[in-house]
Amino acid sequence: MKILFTKVAIVTKIIFLVVMLLTSCIGFQKKCQAPLSSECSSFIDLWQNTIDSIVSANFPSEIGYYRSVVWEDDFDNAWVNKGNEINITRQFIQKLNHSQRIFVAAHELAHLKLGHYYSKVGIIIPTQLPTMNNSHQNQSFGHYNSTLKMGKTIMAKGFDLNKEEEADKLALEFVKNVGLDPKDYLKLLLIIQHSTNDPDIKKRVRSMKNILTR
């Protein structure tokens, strides 16, 4: 009886730990919130303007509904939760050029429009993003997961491949309506592909190429 009780207690502790990891917000996240620094304020406005540019070109009646949220943590990522908030880290937004910001925001909006929700955070996004003109070699990319942290590189776990491809496809329509070339969206995926061995990224690139050649 004592052995059985001990096993039950161990299993209970394991279940509790797993539930906490799956349902709790990441403890090291630092959200830009009041009182806002001038830097935080400018990045929130920049991300909000990016989101609004996509919304106004695709569903203008919803301007003001989707909200910019910026985090100050030392990793590169963007993600959505159920609702209307579109999250990005300040470090990441600084590395993106104008078009890349729109592509990332379009991808996130697509997830929301398609009803793809995370329990908390994460998408397939590079943890380091080289510029279009820089070498793609020896760059580190990952998937977001609350249980794994390697130095300053946050390894991420995103939606399954089908949802990522669905979001990419819808995001292409969004960026077309903004007036950007969808081929540049593909270039962003190619940067990721050249910097990781993740087979899912390669499948997303193939899917994107098929869409663009139809």
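Residues numbered from 1 in each chain as written. Predicted model: local features only at pLDDT ≥ 70, side-chain atom pairs only at ≥ 80, totals over all residues. Heavy atoms only, no water.

**Comments concerning the overall build of the protein**
Phase 1: Scanning the protein from N- to C-terminus turns up seven helices and five strands.
Phase 2: Mapped in sequence order, the helices and strands of the protein form the string α-α-β-β-β-α-α-β-β-α-α-α.
Phase 3: Taken over 214 residues, the protein has a buried fraction of 43%.
Phase 4: In the protein, 63% of the contacts between residues at least 6 apart in sequence involve partners at least 24 apart.
Phase 5: Summing over all exposed atoms, the protein offers an accessible surface of approximately 11500 Å²; the carbon and sulfur share of this is 55%. (Helix = DSSP H or I, 4+ residues; strand = E, 2+ residues; numbered from the N terminus. Buried < 20%, exposed > 50% of the residue type's maximum accessible area, 1.4 Å probe, protein only. Contact = heavy atoms within 4.5 Å. Areas by Shrake-Rupley, 256 points an atom, 1.4 Å probe, with all protein chains shown as cover.)

**Here we look at the pattern of salt bridges**
Phase 1: Throughout the structure, instances matching the rule amount to seven salt bridges.
Phase 2: Between Lys113 and Glu62 there is a salt bridge; the shortest N-O distance is 2.8 Å. Taken together, the residues Lys113 in helix H4 (residues 98–113) and Glu62 in the loop between helix H2 (38–58) and strand E1 (67–71) connect sequence positions 51 residues apart.
Phase 3: A salt bridge links Lys176 to Glu173; the nearest nitrogen and oxygen atoms lie 3.5 Å apart. Residue Lys176 and its partner Glu173 are both found in helix H5 (residues 161–178); the two are separated by three residues, about one turn of the helix.
Phase 4: Taking the relative accessible area as the measure of exposure, Lys176 reaches 43% and is therefore partly exposed.
Phase 5: Here Glu173 falls in the partly exposed class, since its relative accessible area comes to 39%.
Phase 6: One network of salt bridges, with partners in common, ties together Glu39, Glu72 and Arg90. (Salt bridge = Lys/Arg side-chain N within 4 Å of Asp/Glu carboxyl O.)

**Here's the deal with the packing of H2 against H5**
Phase 1: Between H2 and H5, whose axes approach to 8 Å, the crossing angle comes to 85°. Considered as vectors, H2 and H5 are oriented roughly perpendicular to each other. Taking contact as the criterion, the partners of Ser53, Ile54, Ala57 and Asn58 in H2 are, on H5, Glu173, Phe174, Asn177 and Val178.
Phase 2: Residue composition of the contact of H2 with H5, grouped by class: four nonpolar, three polar and one charged. (Axes fitted to C-alpha atoms, helices over the stretch in contact; angles between N-to-C directions. Parallel < 35°, antiparallel > 145°, perpendicular 65-115°, else oblique. Nonpolar A, V, L, I, M, F, W, Y, C, P; charged D, E, K, R; others polar.)

**Description of the state of the cysteines**
Phase 1: Using the criterion set out here, one finds one disulfide in the structure.
Phase 2: Here Cys32 pairs with Cys40 through a disulfide, and the sulfurs are 1.9 Å apart. Classification of the bridge connecting Cys32 and Cys40 rests on its S-S torsion, roughly -65°, and on that basis the disulfide is left-handed. Of the two residues, Cys32 and Cys40, neither departs from the other in class, the shared state being buried. (Disulfide = S-S within 2.5 Å.)

**A closer look at the pairing of strand E3 (residues 85–89)**
Phase 1: Buried residues dominate E3, accounting for four of its five residues.
Phase 2: Relative to E3, strand E2 (residues 78–80) runs antiparallel, the two sharing three bridges. Looking across to E3, one finds that Trp79 is bridged to Asn87.
Phase 3: Between E2 and E3, which follow one another and run antiparallel, lie four residues, and Gly83 among them has a positive phi close to 130°. (Pairing = 2+ DSSP bridges.)

**Let's talk about the environment of Ser41**
Phase 1: Turning to its location among the elements, Ser41 is positioned in helix H2.
Phase 2: For Ser41, a relative accessible area of 26% corresponds to the partly exposed category.
Phase 3: Sequence separation of Ser41 and Val70 is 29 residues, and the distance between their C-alpha atoms is 9.2 Å.

**What about unusual backbone geometry?**
Phase 1: Residue Ala34 is joined to Pro35 through a cis peptide bond whose omega torsion reads -5°.
Phase 2: Checked against the element boundaries, Pro35 lands in the loop between helix H1 (2–23) and H2.

**Side note on helix H7 (residues 199–212)**
Phase 1: In a regular helix each residue adds 1.5 Å, so 14 residues correspond to 20 Å; H7 covers 20 Å between its end C-alpha atoms and thus fits that length.
Phase 2: Residues of H7 that are buried: Ile201, Arg204, Val205, Ser207 and Met208. In a view along the axis of H7, the buried residues occupy a sector of 165°, so they form one face of it.
Phase 3: Close packing links the buried residues of H7 with H4, H5 and helix H6 (182–193). (Expected span 1.5 Å × (residues − 1). Arc of directions from axis to C-beta.)

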